[in-house]
Amino acid sequence: MDFSSLITAMPGLLSGMMLTLKLLVLAIIGGVALGTLLALARLSNNKLLSTLAGFYVNYFRSIPLLLVITWFYFVVPFIIGWLTGTNEPIGAFYSCLVAFMMFEAAYYCEIVRAGIQSISKGQVNAAYALGMSYSQTMRLVILPQAFRKMTPLLLQQSIILFQDTSLVYAVGLMDFLNSARSGGDIVGELHQFLLFAGLVYFIISFGASTLVKRLQKRLTV
Amino acid sequence: MISIKNVSKWYGDFKVLTDCTTEVQKGEVVVVCGPSGSGKSTLIKCVNGLEPFQSGDIIVDGISVGSPKTDLPKLRSRVGMVFQHFELFPHLSITDNLALAQIKVLGRKEDEAKKKGLALLDRVGLSAHAAKFPGQLSGGQQQRVAIARALAMDPIAMLFDEPTSALDPEMINEVLDVMVQLAHEGMTMMCVTHEMGFARKVANRVIFMDQGAIVEDANKDDFFGSPRSERAQTFLSKILQH
Amino acid sequence: MHYNWDWGVFFHSTGIGSEIYLDWFIKGLGWTIALSLAGWVIALLLGTVLGVMRTLPGKILPKIAAVYVEIFRNIPLLVQLFVWYFIVPDLLPQGLQTWFKQDLNPATSAFISVVICLGLFTAARVCEQVRTGIQALPKGQTNAAYALGLRVPQIYKEVLLPQAFRIIIPPLTSEFLNIFKNSSVASLIGLMELLAQTKQTAEFTANLFEAFTLATIIYFVLNMGLMLFMRWVEKRVRVPGLIALGGK
Ligand SMILES: Nc1ncnc2c1ncn2[C@@H]1O[C@H](COP(=O)(O)OP(=O)(O)OP(=O)(O)O)[C@@H](O)[C@H]1O
Ligand SMILES: [Mg+2]
């Protein structure tokens, strides 16, 4: 195999990887934040709130991510237009980011919910007995403990999310995979470029999940 | 100080508390005992509003716990509570456990809160452990920290829910000693416990509960001298045999 | 921004014969179901074999299965699809290659690529579930089977797998639902399954809200329906007196 064209294409591939990572990091932050709110809503005593949150989760978990990405690509510009009254296009990047955040939030929600439920009721009572409000109890006592327990699962879900970012190909965003594909197309070496991309994804995912497994072992003993 | 008036509570169809009425005066120590499942924990949790109740009312220092207008967090910040399983916050150091609510609830400055926490830690004999985490302490030590944590809020009364029943026998006394000292200092206390030695030493009154009702509410000497109800007698003879 | 709502759009003619847009959705759903079922057959068969391999004594067979799982779990589905669609056909012997690329209807060759891709991808996940199921069984079961004089293939077929599969019905159900959702990647290599038909309807009619809403409802209803059905199946096959060891 001849790798010279891969080396020439490196800057393009790198900027693709930067986009993938940027999307990943922002989607994790937004997804975990939204997922946590959803989990609190699902666990709240307010029937309406918990039913709505439950519906949100079931809904996003039963449709394909690709459908969400495609739909948001078409629809988000419309909604923004209605909301702001302007006609300014928002890029594919932001429609994808919103899609990933909202979709992943459904998955993060279930992880966070299980994490909160694993903390004993006595901790809630103790915090309340000290005069803390609901939000203080959650922020200062329950969530810090829950997040510690959930870290491995949240990371595992984020590795899946890392792989799933490649689906932005559907709306033509130049992420790592799409850069590799188009780079390969240009020089007529699609095979090498795709295999290289696969190898990079594999190394990152495999490396990360090995680390997560090690962390999990450390946390359980 | 604490006045419980005709409190009843249901879990669905199941009646946990039946028309409970009693009073704890300022400076008084009241011990609550009774068989497992008789509703002791439920009653004491109603006092600071951790459990809602459907009828009757509880007045703490002139404030109605049952009223929807009451600022429960504020009321709770003035009533200390100690739990069977300590419930220290495992992710925080001992110092931070003691300081957290002082800072976040009472709005104290961080150094002031830490100083106060350390002073109380010293009082329960644990100042050497300030930097440790709860998981690194023994059960008895954790419970003493939990008492210090409650005291750091300058409570007007203290509630104890079986503070020694999760402890190994050799650690029970170190916790009871702290409680006895508190009683001698004039703290208003309501204690669910089966430690009858503690009751004999410092209690003013003893309440006996069975099946959600207060069956007996008597002066300590009357209670240990001649409990009126048969159920209290059987209960006493059972636990005093140990 | 102006938008013409029209929920009747699905009954409008597409301009091709007497076809209405709803027909596109039905055709798309047909492809989606065909992809999912065909992929699932491969995933279940291969995944079971791999899962059994992971629990066998010895070193080599469990290792092979473990390597398979790591490879297929750590490469994005879309990359795997590109490999099956763009790369593998070029590696075939000449005759087979012309057949696949030229003689076959493009939809058929895309279908074959997607089915292989989904099947092998999902097999890695099924493998892990089968392994978990087998390892959840008490060790005494294997010993008892050996003591009766059964041979290893018989032990798996008669004793271990029937019990393991009952335990893992819930996770297997969610794997099937995943394959159903994942089949939408077929739209990225031009196969006109449900998502692709939706996109096409949206582009043709400009009624994108309606089109995507219908697609969403179809996925949602089928998902929920299948989940309820599998819960019923799980109850049906439950062995009396045994509490399911798996999820709820
Ligand atoms: N959340 C709940 N839902 C339904 N029933 C409950 C609930 N919590 C407690 N109970 C029931 O209420 C009764 C009283 O419980 P409580 O915890 O107050 O008893 P207790 O006197 O403290 O017993 P113990 O000595 O075992 O701590 C018990 O029969 C218990 O089963
Ligand atoms: Mg109790």
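You'll find chain C entered in an unreviewed UniProt entry as Amino acid ABC transporter permease, with Jeongeupia naejangsanensis given as the organism. For chain C, the Sequence similarities (unreviewed entry) comment in UniProt is given as "Belongs to the binding-protein-dependent transport system permease family. HisMQ subfamily."

Chain A goes by ABC transporter permease subunit in an unreviewed UniProt entry, where it is assigned to Jeongeupia naejangsanensis. Regarding chain A, the UniProt comment filed under Sequence similarities (unreviewed entry) reads as follows: "Belongs to the binding-protein-dependent transport system permease family. HisMQ subfamily."

J.: Run through the overall build of chain A, naming residues and quoting values.
T.: Each helix and strand counted, chain A has 9 helices and 0 strands in total. For chain A, the N- to C-terminal ordering of α and β elements is α-α-α-α-α-α-α-α-α. Counting only C-alpha atoms, chain A reaches 70 × 55 × 25 Å along its principal axes. In chain A, which comprises 221 residues, the proportion classed as buried is 54%. Counted over contacts in chain A with a minimum sequence separation of 6, partners at least 24 positions apart contribute 76%. Carbon and sulfur atoms make up 70% of the accessible area of chain A, which amounts to about 10,100 Å² in all. Across chain A, the 14 positively charged side chains and the 8 negatively charged ones have centroids separated by 24 Å.

J.: Please give an account of the UniProt feature "transmembrane region" (unreviewed entry) in chain A that cites residues and values.
T.: The UniProt entry lists residues 20-41, 62-84, 90-109, 153-173 and 193-212 of chain A under the feature "transmembrane region" (unreviewed entry), expressed in the numbering used here. The span residues 20-41 of chain A is 100% helix and 0% strand, and its two end C-alpha atoms sit 31 Å from each other.

J.: Give me the lowdown on the sheet that holds strand 1 (residues 2-11) of chain B, citing residues and values where you can.
T.: Reading across from one edge, 2-1-4-5 (chain B) is the order of the 4 strands in this open sheet, with antiparallel pairing throughout. A single partner strand is all that each edge strand has here, and the edge strands are strand 2 (14-24) and strand 5 (63-64) of chain B.

J.: Describe the nonpolar core, listing the residues and the values that go with them.
T.: Judged by nonpolar contacts, the single largest core of 168 residues is most densely connected at Phe100 and Met132 of chain A, Ile58, Phe89 and Met190 of chain B together with Leu208 of chain C. Setting aside chain neighbours within four positions, we find Phe100 of chain A in contact with Leu23, Ala27, Leu65, Ile69, Ala105, Leu161, Asp164, Thr165 and Val168 of chain A. Membership of the second largest hydrophobic core comes to 49 residues, among which are Val29, Val31, Ala146 and Met171 of chain B.

J.: Describe the side chain of Thr32 of chain C, with residues and values.
T.: Structurally, Thr32 of chain C can be placed in helix 1 (residues 21-55). Leaving out residues up to four positions away in the same chain, Thr32 of chain C has contacts with Phe180, Ser183, Glu193, Leu194 and Tyr219 of chain C.

J.: Before we move on, could you go through the packing of helix 2 (residues 10-43) of chain A against helix 8 (residues 176-187) of chain A and cite the residues and values that matter?
T.: The description of two packed helices rests on the angle between their axes and on the distance between the axes. Residue and element names in this part refer to chain A. Packing of helix 2 against helix 8 leaves a shortest axis separation of 7 Å and a crossing angle of 155°. Between helix 2 and helix 8, the interaxial angle falls into the category roughly antiparallel. You can see that helix 2 and helix 8 cross each other, and the crossing is right-handed. Residues Gly12, Leu13, Gly16, Met17 and Thr20 of helix 2 lie in contact with helix 8, whose contacting residues are Phe176, Ser179 and Ala180. The class makeup of the residues in the contact of helix 2 with helix 8 is 4 nonpolar, 4 polar and no charged.

J.: Kindly report on the site of ligand 1, identifying the contributing residues and their values.
T.: Residue and element names in this part refer to chain B. Every residue lining ligand 1 is accounted for by Tyr11, Phe14, Val16, Pro35, Ser36, Gly37, Ser38, Gly39, Lys40, Ser41, Thr42 and Glu162. Contacts to ligand 1 include Tyr11, whose side-chain N or O atom sits 3.4 Å from a nitrogen atom. Coverage of ligand 1 by the protein amounts to 59% of the 640 Å² it exposes when considered alone. Mapped by element, the contributors of at least two residues to the shell around ligand 1 are strand 2 and helix 1 (40-47). Looking at the shell around ligand 1, the element that brings in the most residues is helix 1, giving 3 residues.

J.: Could you give an account of the UniProt feature "domain: ABC transmembrane type-1" (unreviewed entry) in chain C, with specific residues and numbers?
T.: As recorded in UniProt, the feature "domain: ABC transmembrane type-1" (unreviewed entry) lies at residues 29-230 of chain C. This span, residues 29-230 of chain C, is 85% helix and 0% strand, and a straight line between its end C-alpha atoms measures 20 Å.

J.: Outline the confidence of the model for chain C, listing residues and values.
T.: Averaged over all residues, the pLDDT of chain C equals 89, while 96% of them reach at least 70. The complex prediction reports pTM at 0.87, with the ipTM value standing at 0.92.

J.: Lay out the UniProt feature "transmembrane region" (unreviewed entry) in chain C with the relevant residues and their values.
T.: Residues and elements named next belong to chain C. Mapped onto this numbering, the UniProt entry annotates "transmembrane region" (unreviewed entry) at residues 29-53, 65-87, 107-127 and 208-229. Here residues 29-53 runs as 100% helix and 0% strand, with 35 Å between its end C-alpha atoms. Secondary structure within residues 65-87 divides into 87% helix and 0% strand; the distance between the first and last C-alpha atoms comes to 24 Å.

J.: A description of the pattern of salt bridges should follow, citing residues and the corresponding values.
T.: Enumeration over the complete set of coordinates arrives at 22 salt bridges over all chains. For Lys213 of chain A, the salt bridge goes to Glu70 of chain C, with nearest N and O atoms at 3.5 Å. Residue Lys213 of chain A is found in helix 9 (residues 190-220), and its partner Glu70 of chain C is found in helix 2 (residues 60-73); the two belong to separate chains.

J.: A description of the interface of chain C and chain A should follow, citing residues and the corresponding values.
T.: Contacts between the two partners involve 35 residues from chain C, matched on the other side by 38 residues from chain A. For the pairing of chain C and chain A, the buried interface totals around 3,500 Å² over both sides, and the portion due to carbon and sulfur atoms is 78%. In this assembly, chain C and chain A are joined by 1 salt bridge. Counting across the chain C and chain A interface gives 6 residue pairs in polar contact (both at pLDDT 80 or more). Put simply, the parts of the chain that give the side of chain C that touches chain A at least two residues each are helix 2, helix 3 (77-91), helix 9 (194-205) and helix 10 (208-237) of chain C.

Basis of the calculations
All residue numbers refer to position in the chain's written sequence, counted from 1. Lettering of chains starts at A and numbering of ligands starts at 1, both following the order in which they are written. Selection of residues for local features in this predicted model requires a pLDDT of at least 70, selection of side-chain atom pairs for listing and counting requires 80 or more, and totals for whole chains, interfaces and linings are taken over all residues. Calculation of side-chain values draws on the structure's entire complement of heavy atoms; hydrogens and water are dropped beforehand. UniProt positions are given in the numbering used here, feature names are shortened, and annotations may be inferred rather than shown by experiment. Per the convention used, a helix needs a DSSP run of H or I reaching at least four residues, while a strand needs a run of E reaching at least two, with both numbered from the N terminus. Buried means the residue's accessible area, taken with a 1.4 Å probe over protein chains only, is under 20% of the maximum for its type, while exposed means over 50%, and partly exposed covers the values in between. Contacts between residues were defined by any pair of non-hydrogen atoms, one from each residue, lying within 4.5 Å. Surface accessibility follows the Shrake-Rupley procedure with a 1.4 Å probe radius. Residue values consider only the protein chains on display as shielding. We score Asp and Glu as negative and Lys and Arg as positive, and we do not count His or the chain ends. By convention, the charge on Lys lies at NZ, on Arg at CZ, on Asp at CG and on Glu at CD. Paired strands, in this sense, are two strands between which DSSP finds at least two bridges. Definition of nonpolar core: a set of buried residues of the types Ala, Val, Leu, Ile, Met, Phe, Trp, Tyr and Cys, connected through side-chain atoms within 4.5 Å. Axes here refer to lines fitted to C-alpha atoms; in helices the fit is confined to the stretch in contact. Angles between the N-to-C directions go from 0 to 180 degrees. Any angle that is under 35 degrees is reported as roughly parallel, and any over 145 degrees as roughly antiparallel; angles of 65 to 115 degrees are reported as roughly perpendicular and all others as oblique. Handedness of each helix crossing follows the sense of rotation of the near helix against the far helix: counterclockwise by less than a right angle gives left-handed, clockwise gives right-handed. Residues are grouped as follows: Ala, Val, Leu, Ile, Met, Phe, Trp, Tyr, Cys and Pro are nonpolar; Asp, Glu, Lys and Arg are charged; all remaining types, including Gly, are polar. Being near a molecule or strand, for a residue, means having at least one of its heavy atoms within 4 Å of it. N or O atoms closer than or at 3.5 Å make up a polar contact, with two conditions inside protein: a donor-capable atom paired with an acceptor-capable one, and, for residues adjacent in sequence, both atoms drawn from side chains. For every residue, the pLDDT score states the predictor's confidence, bounded by 0 at the bottom and 100 at the top. The term salt bridge refers to a pairing of a side-chain nitrogen on Lys or Arg with a carboxyl oxygen on Asp or Glu at a separation within 4 Å. Put simply, buried area is the surface a 1.4 Å probe can reach on two separate parts but cannot reach once they are joined, added for both.

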